Each structure stands twice: as C-alpha cells, then as structure tokens.
Amino acid sequence: MPLRYTRTLTDSVRTQKADKQIGTLLAFVAGAINAGGFLAVHQYTSHMTGIVSTMADQLVLGAYDLVLAGVAALICFLCGSVCTTMMVNYARVHRLRSEYALPLLLEAVLLLCFGMMGAWIAQMHGLFVPITVMILSFLMGLQNALITKLSRSTIRTTHVTGIVTDIGIELGKLFYWNRGRLRDDSHFVMADRGRLRLHCALLLAFFSGGTIGAWGFNHIGYIATVPLACLLVLISSIPAFDDMRAWLTNKRRPAD
C-alpha cells in the first residue's frame, strides 16, 4: 500500500471514505480471528450476547466452571474496550496523530504473540480460561471499541447482528412501495443506498475473513494469525512513526 493511503486509514483526521475502508478491513480481520480462533480455542470470542446467554444457561444447569469461563471472556473483552478508550483519549490529549493507530499496533503485537506462541500458551490458564481465550477476547474488545470511536458508533466489525439488522432495514425501505407519494413528501420512504452498500461490504468482509481464517487455522495452526498481524502493522505504523519522528525532533531542538 502507498504510504499516503495507509496514513489516511488510521490518521486522527477522519473522512467517511477512510472510515468505510478501515471498517471493511477490520471486519475481515475480526472474521478471521473469530472463526479461525474458534478452531484454536473452541469458542467464539467476540459474541458477548452468546457468552452471557451461555453463562445464564450454565448457571441454571449448575456448571459453574463454564459460568466462570464466560465471566473471564467477558472481563477480557471489557478490558480490551477500556484499553482502547484510554489509549485514544491519551493520544487526543497529547494531540498525537496515532490515536487510532496505537490500539491497532497493540492488537498486532498480541496477534503476533498468539501466532508464534499459541500452542505453548494454550496450555497455560489465567482467569478460569486458557491464556489464548483471554488474548482473543481482549483483542475483540479492543478492536470493537476502536472502530466504534473512530466511526462515531456507525460501524461495527466484530459482530454482524447489527450489520444484518441494518441491511434488513435498508432493504425494507428499498422495497417499500410509495404509492401516490412524491419524493418531497415528508412520509416518502427512501433507502440509504450508501449505508446499504457499506453494511453489505462489512458482512461480506467478515464472512470472507472467517472463511480464510478457518482455513488457515485448520491447515497451518496458530501461525495463521501472523499475516493478520503484519497487515495491522502495515496500516497503523505510519501515524505512529510520524509521532515518534515529531517527538525526536522536539527533543533534539535546543531550548531557548
């Protein structure tokens, strides 16, 4: 990717086009992590609705160990969201260009660790679950909070329930028959075709990522996440490098 293009994807100065592009790219990454990670840790790590529902079921059935496992995944997802918020706000206060790049760099580092040491850390247990589950849950919370803040809550990438709902809403508007109504009528129903295209692209990206991620984990194991980590580094390193260069320049500048 050209450097200028990668800079626009995670730069602090946002455009709708950049939001849509980074959203689609991160939906692909999330699909790969979620579906592929299922083959590695035997549970989905971004589906908090399912996890909370499972906790309720297992509580009633008396499987308290599974309840605690759900609590652990929930806490790790929450910690990921907290971490992103703190990093973004810190960058904003200090007027850094990498306010959205820093969480992605952290995600890349953790994905790289998961890919290179996954088979080893899978044997280690942390908060009622293997460390691998904790890492993936944390990553999903990290990424979901990032795209939420970046797009001002208009784009989600780690789950598709809202995406499919929005597609259904826009299709309902598209197929609605405005019988006898003119376009300037306040009750004229018209679909937002741009929004429809965006959510269809997000759904397709998530599915494509899931397919490739599942294939990768099935054939080459944990190391399948390494290309995803490299992709995240590629799209997030330029703004971070800009901030580092600015910091070094100011540090070397002689005091008045």
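Residues numbered from 1 in each chain as written. Predicted model: local features only at pLDDT ≥ 70, side-chain atom pairs only at ≥ 80, totals over all residues. Heavy atoms only, no water.

## A few points about the overall build of the chain
Thought 1: Counting secondary structure elements, the chain contains nine helices and zero strands.
Thought 2: Element order for the chain, N to C, with α for helix and β for strand: α-α-α-α-α-α-α-α-α.
Thought 3: Along the three orthogonal principal directions, the C-alpha set of the chain runs to about 70 × 65 × 35 Å.
Thought 4: The 256 residues of the chain split such that 44% are buried.
Thought 5: Here the contacts in the chain between residues at least 6 apart in sequence split such that 73% fall between residues at least 24 apart.
Thought 6: As presented, the chain carries roughly 14,200 Å² of accessible surface, and 66% of it is formed by carbon and sulfur atoms.
Thought 7: Looking at charge distribution, the chain has the averaged site of its 22 positive side-chain charges lying 7 Å from that of its 14 negative ones. (Helix = DSSP H or I, 4+ residues; strand = E, 2+ residues; numbered from the N terminus. Buried < 20%, exposed > 50% of the residue type's maximum accessible area, 1.4 Å probe, protein only. Contact = heavy atoms within 4.5 Å. Areas by Shrake-Rupley, 256 points an atom, 1.4 Å probe, with all protein chains shown as cover. Lys, Arg positive; Asp, Glu negative; His and termini not counted. Charge placed at Lys NZ, Arg CZ, Asp CG, Glu CD.)

## Here's the deal with the UniProt feature "transmembrane region" (unreviewed entry) in the chain
Thought 1: Sites flagged by UniProt as "transmembrane region" (unreviewed entry) map to residues 21-41, 61-88, 100-121, 127-147, 196-216 and 222-241.
Thought 2: End-to-end, the C-alpha atoms of residues 61-88 are 41 Å apart, and along that stretch the chain is 93% helix and 0% strand. (UniProt positions renumbered as here; feature names shortened; annotations may be inferred.)

## Details of the packing of aromatic side chains
Thought 1: Summed over all chains, the structure comprises four aromatic pairs.
Thought 2: Centre to centre, the rings of F114 and Y222 are 5.3 Å apart; their planes meet at 65°, and the pair counts as edge-to-face. Taken together, the positions of F114 in helix α5 (residues 101-121) and Y222 in the loop between α8 (193-220) and α9 (226-252) put the pair 108 residues apart, joining distant regions of the chain. Accessibility assignment for this pair places F114 and Y222 in one class, buried.
Thought 3: Here F217 and Y222 contribute two aromatic rings whose centre-to-centre distance is 6.5 Å and whose plane-to-plane angle is 80°, an arrangement assigned as edge-to-face. (Phe/Tyr/Trp six-rings, centres within 6.5 Å; stacked < 30°, edge-to-face > 60°.)

## Regarding a nonpolar patch on the surface
Thought 1: A contiguous nonpolar surface patch, about 710 Å² in accessible area, is contributed by L112, M116, M117, W120, M124, I220 and I223.
Thought 2: It is α5 that contributes the most residues to the nonpolar patch, four residues altogether.
Thought 3: Here I223 shows up in the loop between α8 and α9.
Thought 4: I223 gets classed as partly exposed once you look at its relative accessible area, which sits at 43%. (Patch = residues over 30% accessible without salt bridge, like charges linked within 9 Å, V, L, I, M, F, W, Y side chains within 5 Å. Salt bridge = Lys/Arg side-chain N within 4 Å of Asp/Glu carboxyl O.)

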